[in-house]
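A closer look at the structure
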Amino acid sequence: MSIFETIRARVESPRYEDIWERRMGIFNEPPQRIPCTTFIDAPLLGNGDVGVAVGGVASALTFYVGKNDFWVQAHMGETWEQRKERLLNDKGRRTGTRIITVGQLVLQIPRLSGASYHMEQDIFHGEVRGTFQKDSIVVKTCSWVCAERNLLVTEISYEALEPQEQEKGDELDITIIHHAGEPGTDEVSNYENGLTEDCMWFQYAANSAHVPETRRVAVVTRVLGQAARYEDRFQVLAAVTKLVPGEKITLVSSIHSNLDEREFLEYSQKEVLGFEWNDIRTVKEEHANWWKNFWSKSYVDIGDPILEKYYYGSYYILASCIRNGKTPPGLFGNWITTDRPKWTGSYTLNYNYESPYWCLYAGNHTDIAEAYCEPLLAVIPLGKVFADHFLGCRGVYLPVEMGPWGTICSMVFHDQKSNAAYTTVNLLMHYYHTYDIEYGRKVYPYLLEVAEFWEDYLVFEDGRYVIYDDSIHERSKDRKNPIYSMGLVQMLFKGLLDMSQEFGINEARYEKWEHILAHFSPYPLLEKNGRTVFRYTEEGMAWGRSNSVGTQHIYPAGMIGLDSDPQLLEIARNTVDEMQRWTDHNAFPTYYTTAARVGYNPEAILENLRRECVEKSFPNLGIHHGGGGIEDSNGVPSCINEMLLQSFQGTIRVFPVWPGRRDAHFHKLRVVGAFLVSSEYEKARVKYILLHSEKGRECSVLNPWGDVPVHVYRSRGISGQYSGSRIVLKTEIEEDILLVPEGIAVEDVL
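Residues numbered from 1 in each chain as written. Predicted model: local features only at pLDDT ≥ 70, side-chain atom pairs only at ≥ 80, totals over all residues. Heavy atoms only, no water.

Thoughts on the nonpolar core
Formed by 220 residues in total, the largest nonpolar core has its most connected members in Trp454 and Leu739. By residue number, the principal contributor to this core is helix H13 (residues 483–503), which donates 12 residues. Ignoring anything within four residues of it in the chain, the contact list for Leu739 reads Tyr688, Ile689, Leu691, Val701, Trp705, Val710, His711, Val712, Ile727 and Leu729. Formed by 10 residues, the second largest nonpolar core is a distinct cluster that contains Cys142, Cys146, Val153 and Leu224. (Core = buried A, V, L, I, M, F, W, Y, C linked by side-chain atoms within 4.5 Å. Buried < 20%, exposed > 50% of the residue type's maximum accessible area, 1.4 Å probe, protein only. Helix = DSSP H or I, 4+ residues; strand = E, 2+ residues; numbered from the N terminus. Contact = heavy atoms within 4.5 Å.)

Below, the structure written as structure tokens:
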């Protein structure tokens with residue numbers, strides 16, 4: 001066995017399930033925030049399209065079903081010209097476009113009235129398990145949304161603790177209610193339902209307009225394991241069955257829209273009616289394998305059970321609501337429990353839509369992140385209309401709230417010009433972390449449109465480029481140079497130059513873009529408590545008491561880091577220290593990672609991060625500060641990843657901002673350049689660095705052993721010894737490279 005096979009076998013060994021048991025979400029009472037117009041506190045299931053949240057008490061467990069593609073689209077039935085006219089003249093807060101709930105399945109077991117309540121959200125297996133006891137009756141449930149099929153499966157078993165009841169075969173009455181739409185109302189469009197001897201179903205539409213683009217959904221449910229009677233109860237349907245001690249029944253629901261299948265109702269019916277008792281095990285194994293593979297993509301071990309619990313819990317939430325080939329989630333993921341979610345449940349472009357994806361890139365989960373770009377490509381035509389009509393510019397200009405398929409949720413811009421530039425953060429992160437040329441060519445036209453807007457909107461005066469009339473906060477009415485817009489625009493032009501040169505296109509535009517980057521205004525500064533910090537704008541808001549907009553040129557824009565000018569880096573640290581936004585309504589997804597990027601005190605970062613996990617979390621492992629929904633799931637993993645590994649300035653740094661007294665270990669985190677990196681920190685010393693090069697690009701590594709020479713072992717090519725503060729390596733496609741310091745035998749790190 002080669003050294004690479006040996007070390008991979010060690011670091012890729014199965015992560016013991018007893019560790020994962022400590023990472024479960026535990027519920028000892030029913031959730032309180034469900035149904036809810038924002039993020040909920042209930043047990044969560046999902047496959048990146050269908051989302052299910054489990055509410056209710058033991059005697060009436062309620063499975064709230066949401067779906068990422070089930071949107072009301074305000075423009076249905078309009079021509080393109082009518083749509084443009086309506087939007088351009090719309091002065092209202094909302095357009096009517098919004099995501100809505102699909103419906104509920106209610107599991108009624110009257111004899112469990114007043115029963116004890118215990119549920120576990122098992123993130124390793126992607127399951128929610130319940131145990132409910134009333135006197136001698138114990139009912140257990142196990143539910144999952146299949147990772148690769150739109151099926152909700154719930155297994156229900158029953159035990160009678162008293163022997164005489166076991167002998168009597170004491171039956172438990174169970175009723176399953178099918179309800180379409182928002183709880184408590186029957187007001188849905190184009191509603192139909194029906195029964196057969198073996199299933200019940202409903203279908204309805206998000207819009208009343210009878211056109212093909214109207215989104216429609218169907219839910220079909222079948223009871224397996226015991227005979228069931230299906231009943232029409234006017235606006236709802238019911239399945240009635242009985243369960244005896246020691247037996248089990250399984251509920252199988254197929255949930256599809258006309259975006260999934262043209263004949264979506266027939267497809268769901270066929271799927272459910274073709275499902276047999278023996279199929280449950282197969283589907284469950286497929287589901288478990290998907291989650292096992294997901295968790296094998298990368299891992300961290302930092303010796304802190306609380307931070308690890310929310311690190312992995314955050315990835316569970318994101319993997320449950322984000323998936324390639326599916327409609328991306330809005331503010332609250334696919335757990336939509338009402339027809340009027342706050343802020344329309346939109347793609348809110350001034351950080352909320354973007355931030356859930358950031359930790360996916362470094363966490364080596366880019367394989368589920370690609371669909372982020374689809375709404376942006378679809379909105380280009382309207383973005384060009386807005387840029388021309390409102391500002392007389394080329395390119396795209398976007399309001400704060402949009403939806404999928406080129407839809408607009410609100411024609412409110414909040415005086416911000418930066419929304420489209422903010423959306424490009426993810427496109428560039430994805431490209432730099434993967435160097436997926438096909439993906440880069442796909443998103444390039446959108447990047448170019450955004451750049452054309454800024455080519456026109458920037459003002460060149462007194463030898464520098466200036467941004468006018470762009471608010472850093474919503475409606476803050478700033479006159480000149482908001483600092484995060486400055487960072488985003490420079491990030492955009494730098495990224496576009498890199499991609500254009502890689503693709504060998506648009507050479508005639510390089511000179512303009514390089515001129516913009518070379519002559520951009522310097523960041524505005526301010527003296528605060530005797531120290532120089534970043535000013536929020538050059539003219540306008542100087543400082544704020546909430547949010548982290550004053551540091552978002554650092555993260556996510558990536559314009560300042562440990563390789564930056566020392567004076568600029570000191571100003572960045574001063575700004576983080578003066579802001580103290582460890583607990584804030586909107587700052588959590590960005591502020592902690594910003595602190596890591598500039599080398600702030602790592603003990604302070606971890607202490608505050610741990611406190612947020614304890615004080616601001618729900619039992620479902622979601623962290624919620626009130627500024628939105630799933631974006632807070634970026635906070636913990638993004639910060640931890642950045643403390644363990646940095647690369648955004650072109651040099652790989654292992655454990656760059658990590659406390660010297662804490663051992664830590666990470667495996668297959670992804671860095672800029674399409675490299676996967678593994679390393680271990682023990683007794684205040686890096687043991688080794690293991691690199692995997694996906695695309696064969698040049699690799700620069702900061703020598704963590706200082707002046708000590710480094711032995712470099714390669715799976716391809718010639719191994720050798722390197723010295724110096726930075727080790728630059730030419731790599732080959734799919735090559736493995738091991739770095740160890742001189743004086744350490746390879747066997748000592750295996």
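Let us keep going from here.
Details of the pattern of salt bridges
As a working rule, side chains carrying opposite charge can pair if their charged atoms are close by. Inspection of the entire model under this criterion finds 50 salt bridges. Ionic pairing is found between Lys140 and Glu159, a salt bridge with its closest N-O pair at 3.9 Å. Residue Lys140 is found in strand S10 (residues 137–145), and its partner Glu159 is found in strand S11 (residues 151–160); the two are separated by 19 residues along the sequence. Under the relative-accessibility criterion, Lys140 is labelled partly exposed at 37%. A relative accessible area of 34% means that Glu159 is categorised as partly exposed. Between Arg670 and Glu694 there is a salt bridge, and its shortest N-O distance comes to 2.8 Å. Taken as a pair, Arg670 in strand S30 (residues 664–671) and Glu694 in the loop between strand S32 (685–693) and strand S33 (699–702) lie far apart in primary sequence, 24 residues in all. (Salt bridge = Lys/Arg side-chain N within 4 Å of Asp/Glu carboxyl O.)

Topic: unusual backbone geometry
At the junction of Ile34 and Pro35, the peptide bond is cis and its omega measures out at -5° in the coordinates. Structurally, Pro35 is set in the loop between strand S1 (25–27) and strand S2 (44–46). Along the chain, Tyr555 connects to Pro556 via a cis peptide bond; the corresponding omega equals 20°. Positionally, Pro556 belongs in the loop between strand S27 (537–539) and helix H15 (566–579). The phi torsion at Tyr351 lies on the positive side, around 140°, for a residue other than glycine. Mapping Tyr351 onto the fold places it in the loop between strand S20 (347–348) and helix H8 (358–362). Note on Tyr351: relative accessible area 5%, which makes it buried. One non-glycine residue with positive phi stands out, namely Lys683, at about 55°. Along the chain, the position of Lys683 falls in the loop between strand S31 (675–682) and S32.

Points about the sheet that holds strand S16 (residues 228–233)
Across the sheet, 7 strands lie side by side as S2-S3-S4-S7-S12-S17-S16; this open sheet has antiparallel pairing. Of all strands in the sheet, those with a lone pairing partner are S2 and S16, marking the two edges. Between one strand axis and the next, the sheet turns by 20° as a mean value, whatever way the strands run. In terms of strand pairing, S16 meets strand S17 (residues 236–243) through 6 bridges, oriented antiparallel. Bridge assignment links Asp232 to a residue of S17, and that residue is Leu237. Each of S2 and strand S3 (50–55) touches helix H7 (residues 305–321); the most contacted strand, S2, lies at about 45° to it. (Pairing = 2+ DSSP bridges. Axes fitted to C-alpha atoms, helices over the stretch in contact; angles between N-to-C directions.)

A look at the packing of aromatic side chains
With the rule as written, the count across this model stands at 49 aromatic pairs. Centre to centre, the rings of Trp20 and Trp295 are 4.8 Å apart; their planes meet at 50°, and the pair counts as tilted. Taken as a pair, Trp20 in helix H2 (residues 17–21) and Trp295 in helix H6 (residues 279–296) lie far apart in primary sequence, 275 residues in all. Judged by its relative accessible area of 5%, Trp295 falls in the buried class. Seen from their ring centres, Tyr536 and Trp543 are 5.5 Å apart, and the 45° between their planes marks the pair as tilted. In this pair, the class of Tyr536 matches that of Trp543, namely buried. Taken together through their ring pairs, the aromatic side chains of Trp20, Phe124, Trp290, Trp291, Phe294, Trp295, Tyr311, Tyr312, Tyr315 and Tyr316 make up a single cluster. (Phe/Tyr/Trp six-rings, centres within 6.5 Å; stacked < 30°, edge-to-face > 60°.)

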